[in-house]
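Fold and contact review
As a plain string of letters, each chain reads:
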Amino acid sequence: MSTEALLSARKLTKRFGGLAAVQDVTLDLWRERIHAVIGPNGAGKSTLTNLLSGDIAPSTGTVALGGRDVTGWSPERISRAGLGRSYQKTNIFLPFTVWENIRLAAQSRTPHALRWLTLADSVGAANERAERALELAGLQHRRGHVAAASSHGEQRQLEIAMTLATGPQVLLLDEPLAGMGTAEAERMVQLLLRLKKEHAIMLVEHDMDAVFTLADHLTVMVNGQVIASGTPAQVRADANVQSAYLGEEEEHG
Ligand SMILES: Nc1ncnc2c1ncn2[C@@H]1O[C@H](COP(=O)(O)OP(=O)(O)OP(=O)(O)O)[C@@H](O)[C@H]1O
């Protein structure tokens, strides 16, 4: 196993006018580890995700993927370099079947310039990636069903399968448990544990039970800054975190 992090962000800052939505954030993602990022609304979690995926460019700081500096690259190029990002359902074509959605996502990985050159190869490789993604996400039994007829939980699984179909090494998952009931959430937790075996994962999630079940490493953000980072036990014991964030949760729980 490589001793190098698959993704390394160094001192990332993003300013929107006078507001630093993300400030000086440094973070590493490693294969076989889930790194959860938590924080109250407006903490900068979405902005951080956008900086890592290339959807927005940092004001300062760098992002390296697999040892290569990818700062300023387009999201498509970063995706082809091995980063997969799940969006909340936005990419699903509801009238298409589960399989068609995954297959389309798999094809998007092939660079346009190569499509006509190596058509047979690329079709075969895309089919393979799609089959694997379908299986990994546990959606084989839904293969021929139209996405619109799938439950909320299955649509979230599909969203992850579509991300997997691009063949990523690093996964950025944005609230995969949002809006789920207990049984669906449990199924998603099991899926994330399976995915962890082959990927480096950053998980942005509000469900604290899931976060503390899944995370190997936890970063807490407040007002754009990291206020604590460490193992879940270290973070739980951190006085800053308790007053800024977890304290409130625990009072309710
Ligand atoms: N495009 C933008 N222009 C101006 N301000 C922005 C922009 N995007 C985000 N912000 C601001 O940056 C801060 C961080 O927002 P962000 O959405 O990253 O937080 P978050 O932790 O993801 O919140 P939530 O949990 O509600 O999704 C907020 O104050 C937000 O209003």
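Preceding block: the structure.
Source: prediction; values computed, not measured. (Residues numbered from 1 in each chain as written. Predicted model: local features only at pLDDT ≥ 70, side-chain atom pairs only at ≥ 80, totals over all residues.)

Before going further, it helps to examine the overall build of the chain. The number of helices and strands found in the chain is ten helices and ten strands. Put simply, of all contacts in the chain between residues at least 6 apart along the chain, 67% involve residues at least 24 apart. (Helix = DSSP H or I, 4+ residues; strand = E, 2+ residues; numbered from the N terminus. Contact = placed C-beta atoms within 7 Å.)

In the vicinity of the ligand, the contacting residues are Phe16, Leu19, Ala21, Gly39, Asn41, Gly42, Ala43, Gly44, Lys45, Ser46 and Thr47. The leading source of residues in the shell around the ligand is helix 1 (residues 45-53), at three residues. Its residues placed into classes, the shell around the ligand shows four nonpolar, six polar and one charged. (Near = placed C-beta within 6 Å. Nonpolar A, V, L, I, M, F, W, Y, C, P; charged D, E, K, R; others polar.)

Moving on: the pairing of strand 1 (residues 7-16). Within a regular strand, side chains alternate between the sheet's two faces. Sheet analysis places strand 1 next to strand 2 (residues 19-29), joined by seven bridges and oriented antiparallel. Residue Phe16 lies in a different strand from strand 2, and its bridge partner there is Leu19. Between the antiparallel neighbours strand 1 and strand 2 lie two residues, among them Gly17 with a positive phi of about 60°. Across five bridges, the pairing between strand 1 and strand 4 (residues 60-65) is antiparallel. From the neighbouring strand, Ala9 faces strand 4, where its bridge partner is Val63. (Pairing = 2+ DSSP bridges.)

This paragraph deals with the packing of helix 3 (residues 98-107) against helix 6 (residues 152-164). At their nearest, the axes of helix 3 and helix 6 sit 7 Å apart, and the two run at 30° to each other. When the interaxial angle is binned, helix 3 and helix 6 end up roughly parallel. For helix 3 against helix 6, the interelement crossing comes out right-handed. Two secondary-structure elements touch here, helix 3 through Val98, Asn101, Ile102 and Ala105 and helix 6 through Leu158, Ala161 and Met162. Residues that form the contact of helix 3 with helix 6 fall into these classes: six nonpolar, one polar and no charged. (Axes fitted to C-alpha atoms, helices over the stretch in contact; angles between N-to-C directions. Parallel < 35°, antiparallel > 145°, perpendicular 65-115°, else oblique. Left-handed = near helix turned anticlockwise from the far one by under 90°.)

Within the open sheet, the four strands sit side by side as 2-1-4-5. Their pairing is antiparallel. Among the strands making up the open sheet, the edge pair consists of strand 2 and strand 5 (68-69).

Across the sheet, which stays open at both edges, the six strands sit in the order 6-7-8-3-9-10 with mixed pairing between neighbours. Of all strands in the sheet, those bounded by a partner on one side alone are strand 6 (83-85) and strand 10 (225-230). When the angles between neighbouring strand axes are averaged without regard to direction, this sheet yields 15°. Two elements, strand 3 (residues 33-38) and strand 8 (residues 200-204), share five bridges in a ladder whose sense is parallel. The residue bridging Ala36 from the neighbouring strand is Leu203, located in strand 8. Contacts from helix 1 reach strand 3, strand 6, strand 7 (170-174), strand 8 and strand 9 (217-222) within the one sheet, and its direction differs from that of strand 7 by about 150°. Strands in contact with helix 7 (residues 182-196) are strand 3, strand 7 and strand 8; relative to strand 8, the strand with the most contacts, it is inclined by about 150°.

A word on the nonpolar core. With 47 residues, the main nonpolar core has Leu7, Ala36 and Leu203 as its most contacted residues. Contacts of Leu7, omitting those with residues within four sequence positions, involve Asp28, Leu29, Leu52, Leu65, Val170 and Ala200. Among the nonpolar cores identified, the runner-up in size contains 18 residues, and Val98, Ala133, Ala147 and Met162 belong to it. (Core = buried A, V, L, I, M, F, W, Y, C linked by C-beta atoms within 7 Å. Buried ≥ 20, exposed ≤ 12 C-beta atoms within 10 Å, placed from the backbone.)

Within strand 7, four of the five residues are buried, leaving the element largely enclosed by the surrounding structure. Bridge count between strand 6 and strand 7: three bridges; the pairing is parallel. Looking at strand 7, one finds that Leu83 is bridged to Val170. Here strand 7 runs beside strand 8; their pairing, made up of five bridges, is parallel. Within strand 8, the residue paired with Asp174 across the bridge is Val204. Where the polypeptide runs from strand 7 across helix 7 and back to strand 8, its parallel neighbour, the crossover connection is right-handed. (Right-handed = clockwise from strand over helix to strand, strands pointing away.)

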